Amino acid sequence: MSTASLAPSLSLDQLNVADEDAFVALLDGIYEHSPWIARRAFALRSAGGFASLAALKHAMAGVVREAALDEQLGLIRAHPELAGKAMVAKSLTAESTNEQNKAGLTNCTPDEFARLQQLNADYNTRFGWPFILAVRGPRGDGLSRQQIIDTFARRLNGHPDIERAECLRNIHRIAEIRLNDKFGVVPTLGNQVWDWAESLARFSDPGFAENSQLTVLYLTEAHRAAAAQLADWMRECGFDEVGIDAVGNVVGVYHGEANGQTEEPPRLLTGSHYDTVRNGGKYDGRLGIFVPMACVRELKRQGRRLKHGIEVIGFSEEEGQRYKATFLGSSALVGRFDPAWLDQADADGVVLRDLMRDAGLPGTIEAIQALQRDPARYLGFIEVHIEQGPVLNELDLPLGIVTSINGSLRYVGEVRGLASHAGTTPMNRRRDAAAAVAELILYVEERAGAVPEVVGTVGQLQVPNGSINVIPGRCRFSLDLRATTDAARDALDADVRARLAEICERRGVSFTLERTEAAAAAPSDAAWQSRWEAAVETLGLPVHRMPSGAGHDAMKLHQAMPQAMLFQRGLNLGISHNPLEAISNDDTELCVQAFLALLDRL
């Protein structure tokens, strides 16, 4: 990380040579009125001290996670209310005063102040502790008052256990920012990635842009504008070659050292997608483009070339939102682009081939087939991605190592029973299609929950022409089955289909089931996974291995070359495919540093 313009008041060397009392005193104010956290963290210090500031942060977060419930609640209650009595009375700690000032809470309008006072009262009544929010935000430069009020109102409806955990995570973020201030650290690379993501989000499709929602579907005007912007940024970063290929992928190449060889040295392939789901987040996919871009920018700034080239691809399509052609962008690179996709029409009747040509792309299968990469020219494929789940959040870990991308099977189905009068049909004479599907849902939950790293979801339910006083005669549903291995996935699949048949036989109803997608599991390459692990260890962080329940472009590249992924923690319970999807600049700084460390070790 870079040093700030202000001189630091503390260094890691000073902290590592301090005795216990001095250690606690040096960290005074990091956690509000809670010196016990620093004291217990001191006991976790190795003989050589903490290897990095990230290691210190993780140790202190771990102390809080392992603390007793009353200690955790005491820590929460040690914090002042936002724009509360302590602020008015000017009795806040210096750290809290600085934070509330940066968020403009000392300049609330009368209406804003009244709203915050009411929210404080309602929150304390519901939970029994003050609302905690890191008001300096994910970039560290302050949330707006409206963002604070909106977050306050949203979290007021949370479950107490979830809200307590969110308060503690926000306390850790507050502590992280205070440590940065004390150590004079600015996460410059993380800020750059955060700024790129924020800027690229200005491109959004009509119908969503007007409501400040992010939606970028394949080859819309917003999609093409995002591609052009990515290409411009790649050129600014110092890539040697930048272009947009026949399927709309944005491709940037940073050459390796020639060393007198006639052939170009092999490349490391990396990247992710820049399309989004409808009303999605700013980091899903895009983080995996920006992080290697930041690495190339740093290499160029240092005047460095590596022994291998780096090829970064912003894949044009991964989400399958406009056409039934998921992984369209990465499929082209491995020779799996289905020619039939070109004849598909979207919901508005726009044929894919015509859309491509209107966007200035060739729209021919020959041009697309020419994009296939020769695996012999590549070292492998690596991808950075936001986790899209709560695991790293709950472990207070910024980074995780992906062991495998889950294989999946998807179905759409329908159960057919008999629609009849809800009042006159006895309970033992009903052929309720929805009740049959409800029974299936509970079985999927039970069966998937009984096996580690296996998941099953019924995400769509519809009773056509349903009425409040009619027993459902039809019920449509979706089925999504995933596991880290194909064997576990297929065992789940067989059991679920068998149970569906049994349920329908017993209830006197019939069913149809159509498979819409089948994706094989993609275990990480052992050598590349080890490289990610070594890179994370250089940051002083523990290595946490985990599967990816979501699909990624890496699972397509897996068909042609070795691949491995690195996850970065998401904020807001790790939620993704949602406007609440978020990252912090500090986590992203660590992610870029891990990527640079991996490059240095090749």
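For the structure itself, look to the data block above.
Computed from a prediction, not measured in an experiment: that's the story for all the values here. (Residues numbered from 1 in each chain as written. Predicted model: local features only at pLDDT ≥ 70, side-chain atom pairs only at ≥ 80, totals over all residues. Heavy atoms only, no water.)

Caption draft 1: Broad picture of helix α10 (residues 160–183). A rise of 1.5 Å per residue sets the reference length of α10, with its 24 residues, at 34 Å; its end C-alpha atoms lie 34 Å apart and thus fit the reference within 8%. With 17 of 24 residues buried, α10 is to be regarded as a mostly interior element. Gly-184 sits one or two residues past α10 and shows a positive phi near 65°. (Helix = DSSP H or I, 4+ residues; strand = E, 2+ residues; numbered from the N terminus. Expected span 1.5 Å × (residues − 1). Buried < 20%, exposed > 50% of the residue type's maximum accessible area, 1.4 Å probe, protein only.)

Caption draft 2: Representation of the side chain of Arg-136 in the model. By the secondary structure assignment, Arg-136 is in the loop between α8 (110–127) and α9 (145–155). For Arg-136, a relative accessible area of 9% corresponds to the buried category. Only 2.7 Å separates the side chain of Arg-136 from the side chain of Asp-181, close enough to count as a polar contact. Apart from the residues lying within four places of it in its own chain, the contact partners of Arg-136 are Asn-98, Glu-99, Lys-102, Asp-141, Gly-142, Leu-143, Ile-177 and Asp-181. (Polar contact = N/O pair within 3.5 Å; in protein donor to acceptor, adjacent residues only side chain to side chain. Contact = heavy atoms within 4.5 Å.)

Caption draft 3: The packing of aromatic side chains, seen in detail. Following the criterion strictly, the structure yields 13 aromatic pairs and no others. On the numbers, 5.6 Å between centres and 25° between planes, the contact of Phe-127 with Trp-129 is stacked. We classify Phe-127 as buried; its relative accessible area is 9%. Arranged with centres 6.3 Å apart and planes meeting at 55°, the rings of Phe-315 and Phe-381 form a pair that is tilted. Taken as a pair, Phe-315 in strand β6 (residues 309–315) and Phe-381 in strand β7 (residues 378–386) lie far apart in primary sequence, 66 residues in all. In this structure Phe-315 comes out as buried when scored by relative accessible area, which is 0%. Judged by relative accessible area, which is 0%, Phe-381 ranks as buried. Chaining the aromatic ring pairs together yields one cluster made of Tyr-123, Phe-127, Trp-129, Phe-131 and Phe-152. The ring centre of Tyr-254 lies 4.3 Å from the NZ or CZ of Arg-305, which sits over that ring. (Phe/Tyr/Trp six-rings, centres within 6.5 Å; stacked < 30°, edge-to-face > 60°. Lys NZ or Arg CZ within 6 Å of the ring centre and 35° of its normal.)

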